[in-house]
Amino acid sequence: MSAQPTPLAIVGVGKIARDQHIPTIAASDAFTLAATVTRHNTLPDVPNYGSIAELVAGQPKVRAIAICTPPRGRIALIRDAVAHGLDILLEKPPAATVTEAEAIVAAIAGSDSVLHVTWHSREAAAVEPARAWLQDRRIARVTVSWREDVRVWHPGQEWIWEPGIGVFDPGINALSILTRILPHPLSLARATLAFPANKAAPIAADLVLDDGTDAAIAVGFDFDQRGPQTWDIAIQTDDGVLTLTAGGSAMAVDGVTQAVPDEPEYARLYARFAELIATRQSDTDLQPFRLVADAYLLGVRREVAAFDWNG
Ligand code: NAP
């Protein structure tokens, strides 16, 4: 007989909660949506609460939460959740600062809660096959091209332009894939960041990464891409060229399409959360976020034309 689904609450009902979390939970055998904690965007027929404490008082059966708020202010939510022994799925990026992200991980250590620091792009269908294919090959060159239109994917979300975010909101997805599939640890060698004259976060970035070998690793992010949107990674090795396209959901070797599992990212993400809960383990990898912080630290900045949502 299968176990009962875990009653879960979504904290922060916005675009990603509606686009992915709610439909994924509805299709999941492992979780059921029992409540929300959000300030305005409530769901019909789902009880909503003003805080984690009110959630726990009103829905004592809720055992887990999925945090889908923007990154700023998550540490307070985590502390409340840990105080009530809730298991936590955390949308990317984990926090607004590295210190806060590390405090989140520290809050879990020694607690009764499980924490899943998620990187949804790592669950894309071709990521694990790519990792396996690359394992025994020597890498000569890596080229990342992550180019999308912020107006299409984040309509009217002013928080996207807060310091520390900007083009790194999608860019961190590429970094989460790279740090998963490449066989050696990555560090930032140098970066250039393009800041719109009226914004506190970059609209484009170019990064050079170092993996401790002579591989050339170049990463290009653009948040002002009109026309076709591009989420591609090409990796030249001593034994063929691997290409990941469509955000890591498709893979080819020397131009020949490879078979990959047919399971959506967020279904895999929630399946992994269920597995972590069942085994009482946390997954707290912060490496993609550290690379973003390092790009802000070392990045040479230049000013570009002001950004206009209607431009
Ligand atoms: P969003 O549309 O702005 O939604 C976030 C929601 O969080 C808001 O609607 C707000 O709803 C709620 N909220 C804000 N502060 C809160 C608080 N203190 N307590 C409770 N609720 C709060 O943003 P989003 O695009 O969904 O992104 C959220 C997170 O998911 C970000 O970290 C983002 O990087 C990540 N993500 C987004 C996408 C995407 O395609 N948009 C994809 C993957 C991951 P109320 O006004 O009702 O409180």
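Definitions and cut-offs
Residues numbered from 1 in each chain as written. Predicted model: local features only at pLDDT ≥ 70, side-chain atom pairs only at ≥ 80, totals over all residues. Heavy atoms only, no water. 1 Å grid on protein atoms, 1.4 Å probe; cavity = no way out; pocket = protein on both sides within 12 Å on 5 of 7 lines; lining within 4 Å. Points joined across faces, edges and corners; volume = space filled by probe spheres on them. Helix = DSSP H or I, 4+ residues; strand = E, 2+ residues; numbered from the N terminus. Nonpolar A, V, L, I, M, F, W, Y, C, P; charged D, E, K, R; others polar. Domains from an automatic or database assignment. Pairing = 2+ DSSP bridges.

Per an unreviewed UniProt entry, the protein goes by Galactose 1-dehydrogenase and derives from Sphingomonas guangdongensis.

## A closer look at empty space enclosed by the protein
The final tally for this structure, using the stated rule, is one cavity of 30 Å³ or more. In this structure, the largest cavity is lined by 14 residues; those nearest its centre are Pro71, Pro93, Ala95, Gly164 and Ile165. Put simply, the parts of the chain that give the lining of the largest cavity at least two residues each are helix 7 (168–181) and helix 9 (287–298). Broken down by element, the lining of the largest cavity gets its largest block of residues, three residues, from helix 7. Of the residues belonging to the lining of the largest cavity, the class tally is 10 nonpolar, one polar and three charged. Residues from two domains meet in the lining of the largest cavity; each of domain 1 (6–117) and domain 2 (121–263 + 293–304) gives at least three.

## Quick word on the pairing of strand 9 (residues 204–210)
Relative to strand 9, strand 8 (residues 187–196) runs antiparallel, the two sharing seven bridges. Across the sheet, residue serine 187 finds its bridge partner in strand 9, namely aspartate 210. In this sheet, strand 10 (residues 216–222) lies alongside strand 9 in antiparallel orientation, the contact comprising six bridges. In the strand pairing of strand 10, leucine 209 is matched with isoleucine 217.

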